[in-house]
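Residues per chain are reported as follows:
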Amino acid sequence: MADPSSYRPKPGQIPDSPGVYKFRDDHRRVIYVGKAKNLRQRLANYFQDLAGLHPRTRTMVTTAASVEWTVVSTEVEALQLEYTWIKEFDPRFNVKYRDDKSYPYLAVTLNEEFPRVQVMRGAKKKGVRYFGPYGHAWAIRETVDLMLRVFPVRTCSAGVFKNAERTGRPCLLGYIGKCSAPCVGRVTPDEHRDLAEDFCDFMAGRTGTYIRRLEKDMTQAAEDMEYERAARLRDDAGALKRAMEKSAVVLADATDADLIAVAEDELEAAVQIFHVRGGRVRGQRGWVTDKVEAVDTAGLVEHALQQLYGEESGDSVPKEVLVPALPDDPDAVSQWLADRRGSLVSLRIPQRGDKKDLMGTVQRNAQQALGLHKTKRASDLTTRSRALEEIAEALGLDTAPLRVECFDISHLQGDDVVASMVVFEDGLARKSEYRRFQIKGFEGQDDVRSMHEVIGRRFKRYLQETERTGEWEETPAPTGPVPAPGEAAPAPGGAAPAPGDESHAPGEAAPAPAEAVPMRGEPAAGGGTSPAGPSAREEPREDDGRPKRFAYPPQLVVVDGGQPQVAAAKRALDELGIDDIAVCGLAKRLEEVWLPDDDDPVVLPRSSEGLYLLQRIRDEAHRFAITYQRAKRAKRIRASPLDDVSGLGETRKQALIKHFGSVKKLRQATIDEICEVPGIGRRTAESVAAAFATAAPAAPAVNTATGEIIEEDDGGSTT
């Protein structure tokens, strides 16, 4: 436990201007980020008598080993920089909301030639119009099914669309009138885009125009005695009305607003958000957080606003945001929201009428969400604690293994040999810490040797990180302001990663690399910089506070395998002089737990929570490894001589294949013929021809049913 006085800045060193500050621990990791109108006054609050501090604040300042700050021009810039740093460094003492589910959105891909309506989850993409979020995907599909009668927009995947183009026959929706079938040319791209934009307008709340137009057309058709058309228009109007009924009218003045409510206790808080568009509730979502810092309702609201709108812009930020308590600086937050929207945003507390009543409904949802979360978590915590205790007892560990790493080897008959490392902390998967390895020390199939190589590489990096960070060196932590942008000079250092190391899984959060690269000055929003001070010096980037690749050791290493794999892992640790990390293996056949130097396995009861946790960790390592191995194999199978041509991107590769019809015809083409392809110059054509000349011919394809060799000719494939 550090004494805050040991790193307290000198009197007069801290400026009295707006800025953002961050506390670091003795490993230089950022553990807390905050902002202040007056940095001197705010930081002075952290260095008072420990007995007068809130327990969470006291824990933070005694964990920290240094404090740094960056000066900015305005409070709005401080708000933006605080959000950026919290997202970048993921500080352990900052409030971080955990979304209690992955909410589905109704998305319209306006960035495509023929926009598509579909259900989407995850990160938002540029050029896609989103509506929601919705509580359930089936609610989106029901709404879309009703609206396709009136707005027959494409809903099929790219593969189905291309197949329909090739065959000249639309899918079933095209035959029953729920798709305008742009794939076969029934409508032009412009006509289809107009349909998609009308769909978006209706979803955005401009509903009355379309219903009135349908009713007018229906009346006219009836007067003209076109009764079948009038009946169809009547049904279309009814479908739109039913779609509207699925989102109840809650605000009569067609308000566009987000309502945010907070329910909290001493340890946790739940946030609920209702998205109201056109006076109707269009979506709902909720977050839960641990109150790891001393924060009141206003602070929770400010953090929720940062997370909710930090990545949004334009109409995604509503005209009005209703909250239970205003942030400490409501003007700065309102200006930040207005900057993101591009126009004025009203941030206020509802006082009366329908909006106050709706806020009460949102508040009740937040209370229920918090109660449900606490019930689930109490059960889950008890189960996980019991599982870790059972593992510790079975393996003879002094304490429960709070961090467990599991390794698995995957290959296909000795080809594309890879390994995975998954991490579980406190019984939960920590996907940002997952790692992948390519086995390059040898070729062929040898799981034991592969395991030895992977364990050795992982813990060599751990030793390098501990040496680099000076974990066992008595060096004082630097204190003072962050160097302004441009003041930090490049500082070489650090070891390169082991060959074949992969940082993380596709689609999962990417931790910062551990390699030493020149440090960049910390950003100061709006051009504001920190004053020069004692710490304006060269620092390697690995000390920038971001999570490191292999810096944190586990209490337990689990390998997927039996006695040979466990012995290999233990031998790798012994060779590195590491003797404080336990090792075990979980064999698949009988689910036996093997320990080093033991001739007999440890057999856990089938009903054991400890065995169940080990199985989950082992299965996750297997899933992660086989996913990577299959991706590598698929990439190798799809490899083409064109991949080796420098400067030839995917677009020009496709142009070449499309022009010649097949790789075989392209291989037989002359340089002059290749030059005829748009975008291909003579130098590129020569490179393409040279690549095919040096490449080994591809192995013939074989029909697995008959054993016959399939040979490709000019017309396609024949046997």
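What counts as what
Residues numbered from 1 in each chain as written. Predicted model: local features only at pLDDT ≥ 70, side-chain atom pairs only at ≥ 80, totals over all residues. Heavy atoms only, no water. Pairing = 2+ DSSP bridges. Helix = DSSP H or I, 4+ residues; strand = E, 2+ residues; numbered from the N terminus. Axes fitted to C-alpha atoms, helices over the stretch in contact; angles between N-to-C directions. Contact = heavy atoms within 4.5 Å. Left-handed = near helix turned anticlockwise from the far one by under 90°. Nonpolar A, V, L, I, M, F, W, Y, C, P; charged D, E, K, R; others polar. Buried < 20%, exposed > 50% of the residue type's maximum accessible area, 1.4 Å probe, protein only. Polar contact = N/O pair within 3.5 Å; in protein donor to acceptor, adjacent residues only side chain to side chain. Phe/Tyr/Trp six-rings, centres within 6.5 Å; stacked < 30°, edge-to-face > 60°. Core = buried A, V, L, I, M, F, W, Y, C linked by side-chain atoms within 4.5 Å. 1 Å grid on protein atoms, 1.4 Å probe; cavity = no way out; pocket = protein on both sides within 12 Å on 5 of 7 lines; lining within 4 Å. Points joined across faces, edges and corners; volume = space filled by probe spheres on them. Right-handed = clockwise from strand over helix to strand, strands pointing away. Salt bridge = Lys/Arg side-chain N within 4 Å of Asp/Glu carboxyl O.

Undergrad: Outline the sheet that holds strand β5 (residues 105-108), supporting the account with residue identities and numerical values.
TA: One open sheet holds the three strands; their spatial order is β6-β5-β7, and the pairing between them is antiparallel. Every other strand in the sheet has two partners, leaving β6 (117-120) and β7 (129-131) as the edge strands with one partner each. Strand-to-strand twist across the sheet, computed as the mean angle between neighbouring axes with direction ignored, equals 30 degrees. The strands that helix α7 (residues 189-203) touches are β5, β6 and β7; relative to β5, the one it contacts most, it runs at about 150 degrees.

Undergrad: Outline the packing of helix α13 (residues 447-468) against helix α14 (residues 563-575), supporting the account with residue identities and numerical values.
TA: Where α13 contacts α14, the axes come no closer than 8 Å and their chain directions differ by 35 degrees. Regarding α13 and α14, the two cross each other, and that crossing is right-handed. On the side of α13, the interface is formed by Asp 447, Val 448, Met 451, His 452, Ile 455, Gly 456 and Phe 459, while α14 contributes Pro 564, Gln 565, Ala 568, Ala 569, Arg 571, Ala 572, Leu 573 and Glu 575. For the contact of α13 with α14, the residue count by class is nine nonpolar, three polar and three charged.

Undergrad: Any details on the side chain of Asp 258? Residues and values, ideally.
TA: Of note, Asp 258 is situated in strand β8 (residues 257-264). Using a relative accessible area of 0% as the deciding quantity, one classes Asp 258 as buried. Only 2.5 Å separates the side chain of Asp 258 from the side chain of Tyr 309, close enough to count as a polar contact. For Asp 258, the contacting residues outside a window of four places in its chain are Ile 273, Phe 274, His 275, Val 276, Arg 277, Leu 308, Tyr 309, Pro 318, Glu 320, Val 321 and Leu 322.

Undergrad: Residues and numbers for the packing of aromatic side chains, please.
TA: Per the stated rule, a full pass over the model turns up 13 aromatic pairs. For the ring pair Tyr 7 and Phe 23, a centre distance of 6.4 Å and an interplane angle of 85 degrees mean the geometry is edge-to-face. Of this pair, Tyr 7 sits in the segment before β1 (19-24) while Phe 23 sits in strand β1; the two residues are 16 residues apart in sequence, bridging distant segments of the chain. For Tyr 7, a relative accessible area of 1% corresponds to the buried category. Taking the centre distance of 6.3 Å and the plane angle of 85 degrees together, the rings of Phe 151 and Phe 199 count as edge-to-face.

Undergrad: Hey, could you go over the nonpolar core for me, with residue numbers and the actual values?
TA: The tendency in soluble globular proteins is for nonpolar side chains to be buried as a group. In this structure, Phe 407, Phe 437, Val 454, Ile 455, Phe 459 and Val 557 are the most contacted members of the largest nonpolar core, which totals 26 residues. Looking at this core, the elements that each hand over two or more residues are β13 (403-412), β14 (415-425), α13, β18 (556-560), α14 and β19 (582-587). For this core, the element with the highest residue contribution is α13, accounting for five residues. Within the second largest apolar cluster, 25 residues are counted, among which are Ile 260, Trp 287, Val 301 and Val 333.

Undergrad: Tell me about empty space enclosed by the protein, and name the residues and values.
TA: For the coordinates displayed, the defined rule picks out three cavities of 30 Å³ or more. By volume, the second largest cavity is sized at about 50 Å³. Every residue along the wall of the second largest cavity is listed here: Cys 156, Val 160, Phe 161, Ala 164, Pro 170, Cys 171, Gly 174, Cys 179, Ala 181, Pro 182 and Cys 183. In terms of residue count, the dominant contributor to the lining of the second largest cavity is helix α5 (residues 158-167) (three residues).

Undergrad: Break down the pairing of β19 for me, with residues and values.
TA: Taking burial as the measure, the six residues of β19 include five buried ones, the bulk of the element. Here five bridges tie β18 to β19, and the two strands are oriented parallel to one another. For Val 559, the partnering residue across the bridge sits in β19 and is Gly 585. Crossover connection from β18 via α14 to parallel β19: handedness right-handed. Taken together, the three bridges between β19 and strand β20 (residues 592-594) define a ladder with antiparallel strand orientation. Counterpart to Leu 586 in the pairing with β20 is Val 593.

Undergrad: Let's hear about the sheet that holds strand β2 (residues 30-36): which residues, and what values?
TA: Read across the open sheet, the three strands follow the order β2-β1-β3; overall the sheet is antiparallel. Lying at the two open borders of the sheet, with one neighbouring strand each, are β2 and β3 (66-71). Going across the sheet, the axis of each strand differs from the next one's by a mean of 20 degrees, ignoring polarity. Two elements, β1 and β2, share six bridges in a ladder whose sense is antiparallel.

Undergrad: Any details on the environment of Leu 81? Residues and values, ideally.
TA: Relative to the elements of secondary structure, Leu 81 occurs in helix α3 (residues 75-89). Here Leu 81 falls in the buried class, since its relative accessible area comes to 4%. A C-alpha to C-alpha distance of 9.6 Å links Leu 81 and Gly 34, two positions 47 residues apart in sequence.

Undergrad: Which residues make up the pairing of β18, and what values go with them?
TA: Among the five residues that make up β18, five are buried, leaving the element largely enclosed by the rest of the structure. Judged by which residues are buried, β18 turns out to be covered on both faces: Leu 556, Val 558 and Asp 560 on one side and Val 557 and Val 559 on the other are all buried. Where β13 and β18 come together, four bridges link them in parallel fashion. Counterpart to Glu 405 in the pairing with β18 is Val 557.

Undergrad: Outline the pattern of salt bridges, listing residues and values.
TA: Taken as a whole and judged by the stated rule, the model has 25 salt bridges. Here Arg 24 makes a salt bridge to Glu 68, at a shortest N to O gap of 2.9 Å. One end of the pair, Arg 24, is in strand β1; the other, Glu 68, is in strand β3, and 44 residues separate them in sequence. Glu 68 is the salt-bridge partner of Arg 28, the closest N and O atoms lying 3.1 Å from each other. Of this pair, Arg 28 sits in the loop between β1 and β2 while Glu 68 sits in strand β3, and the two are 40 residues apart along the sequence. Per residue, the accessibility class of Arg 28 equals that of Glu 68, and both read buried. One network of salt bridges, with partners in common, ties together Arg 403, Glu 405, Glu 425, Arg 430, Glu 433 and Arg 458.

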